[in-house]
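# Descriptive structure summary
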Amino acid sequence: MKRIVILGAAESGAGAAVLAKKKGFDVFVSDMSTIKDRYKQQLDSYGIAWEEGKHTEALILSADEVIKSPGIPENAPMIQKLKAQGTPIISEIEFAGRYTDAKMICITGSNGKTTTTSLIYHILKNAGYNVGLAGNIGKSLALQVAEDHYDYYVIELSSFQLDNMYDFKADIAVLMNITPDHLDRYDFKMQNYVDSKMRILQNQTENDAFVFWHDDPIVTQELQKYNIKAKLCPFSEFKGKDVIAYADADEYVIEWPTPFNMEQEELALRGKHNLYNSLAAGITADLAGVSNEKIREGLKTFEGVEHRLEKAGRVRGVEFINDSKATNVNACWYALDSMRTPTVLILGGKDKGNDYSEIFNLVREKCIGLVFLGVDNTKLHAAFDSFGIPIADVKSMKDCVDECFKMARPGSTVLLSPCCASFDLFKNMEDRGEQFKECVRNL
């Protein structure tokens, strides 16, 4: 019996374990951290052996194949030992893809992928499609393949997931953009990160489609290096340039495969970044055969994504916006660009090799105060101290919200759009956003 070891027992790992067990493999799960109770119960219900708080080498190195959590870096000691002995290491998505013939709609990008993924899923679900949501959001793809049956999956893919995918293929691949992110995981080399994102194209045939933002300079440059067989479906903010979808004056237009248009003011999502997300989602739904009527309905009724420019409350004339998902500088740029009132900006967390110069002009133009929320704010001070804008340093969300409220004035906005990962002070991005909303409620 072939032995499969899963490293990491969160959503993707536990789901992969269930699928492997149902397919008849000898399965073992190992996690260096504490496994959440719900995942322990899931593993126990299927009779799957597991360990937590350690990696037992003898049990792991005996694997015929390893499924690795995307959060485990390639330079982790156990990964290096597995590589040294030639053990194949794959992702949960790669493994799950072997056991389903559903159509795969896969979305990646440095920014916008969660909103775009959620919007595509909303449109297809609203149109009556038998569709699952997976990847970085929704339930584990492997668990859904094991326990459900869908005709379509809409999957958000991070660069870390793409790194360990080899034979998997997207029927419709969507690439929103490529801007610097996670450089700490890619030897601080931008090209390594770019190469990872471009893996969304691998294995596509002439029967598949590739949706991408035509105005992204990195994407358009990289495409010249690839012999792409899939149908190219570029979109742009502007008409022309061989794009199949664009914004023309106040209209939202798709020219192919089925012509479609609607007034931009009818779109549920506002802001330039969300126009890109809506264009990508509309093309994808069109390619999947959704009717114009249902595309229009989906684009009008979508309610947005939690922690992405989410209204967190209004207190004595001050608006609070939760953009905790903005874990890189480019995401913060789009958030700041959408601000229409004087803004107190919250920055900070675990720096991933950020270059803050991208937001310098917007900070000077929009911000009346900066609050740095992190264990080490040295790099932020080096970047922004010379701006002459009031700055405060804090190490808890309560202190952060209190300082922001002191700096703000009626008619202004407090924006949590931190540019950084959350792991120095918070469990994750969601925890940071939830604490922000709770502190705003308690003002």
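Above this text you will find the structure in question.
First, a word on scope: everything that follows refers to the structure included in this document. (Residues numbered from 1 in each chain as written. Predicted model: local features only at pLDDT ≥ 70, side-chain atom pairs only at ≥ 80, totals over all residues. Heavy atoms only, no water.)

## Observations regarding the pattern of salt bridges
Charged atoms that come close allow side chains of opposite charge to pair. We count it as follows: Any Lys or Arg side-chain nitrogen found within 4 Å of a carboxyl oxygen on Asp or Glu counts as a salt bridge. Helical segments are the DSSP runs of H or I of at least four residues, strand segments are the runs of E of at least two, and each set is numbered from the N terminus. Three labels apply to residues, based on accessible area from a 1.4 Å probe with only protein chains included: buried if under 20% of the type maximum, exposed if over 50%, partly exposed otherwise in between.
Summed over the entire model, instances satisfying the criterion amount to 23 salt bridges. A salt bridge links Glu266 to Lys300, with the nearest nitrogen and oxygen atoms 3.4 Å apart. Of the two residues, Glu266 is situated in the loop between β14 (260-263) and α11 (272-287) and Lys300 in helix α12 (residues 292-301); the sequence distance between them amounts to 34 residues. What makes Lys300 partly exposed here is its relative accessible area of 41%. In this structure, the salt-bridge partner of Arg308 is Asp323, at a minimum N-O distance of 2.3 Å. With a gap of 15 residues between them, Arg308 in the loop between α12 and β15 (310-315) and Asp323 in the loop between β16 (318-322) and α13 (329-337) connect regions that are remote in the sequence. A residue is classified by how much of its surface remains accessible, and Arg308, at 13% relative accessible area, is buried. Of the residues examined, Asp323 reaches a relative accessible area of 0% and is grouped as buried. Put simply, Glu306, Glu310, Glu434 and Lys437 are held in one network by salt bridges that share partners.

## Some points on the nonpolar core
Defined as follows: In this text, buried Ala, Val, Leu, Ile, Met, Phe, Trp, Tyr and Cys residues form a nonpolar core when linked through side-chain atoms within 4.5 Å. Only heavy atoms enter the contact rule, under which two residues are in contact if any of them lie within 4.5 Å.
Counting residues in each nonpolar core, the largest one holds 53 residues, and the members touching the most others are Leu141, Ile155 and Phe210. Ranked by residue count, the leading element in this core is helix α1 (residues 11-22), at 6 residues. Ignoring sequence-local partners within four residues, the contact set of Ile155 consists of Ile93, Met104, Ile105, Cys106, Ile107, Thr117, Ala134, Gly135, Leu141 and Phe168. Core analysis: the second largest hydrophobic core is formed by 41 residues, Ile105, Leu119, Ile172 and Ala247 among them.

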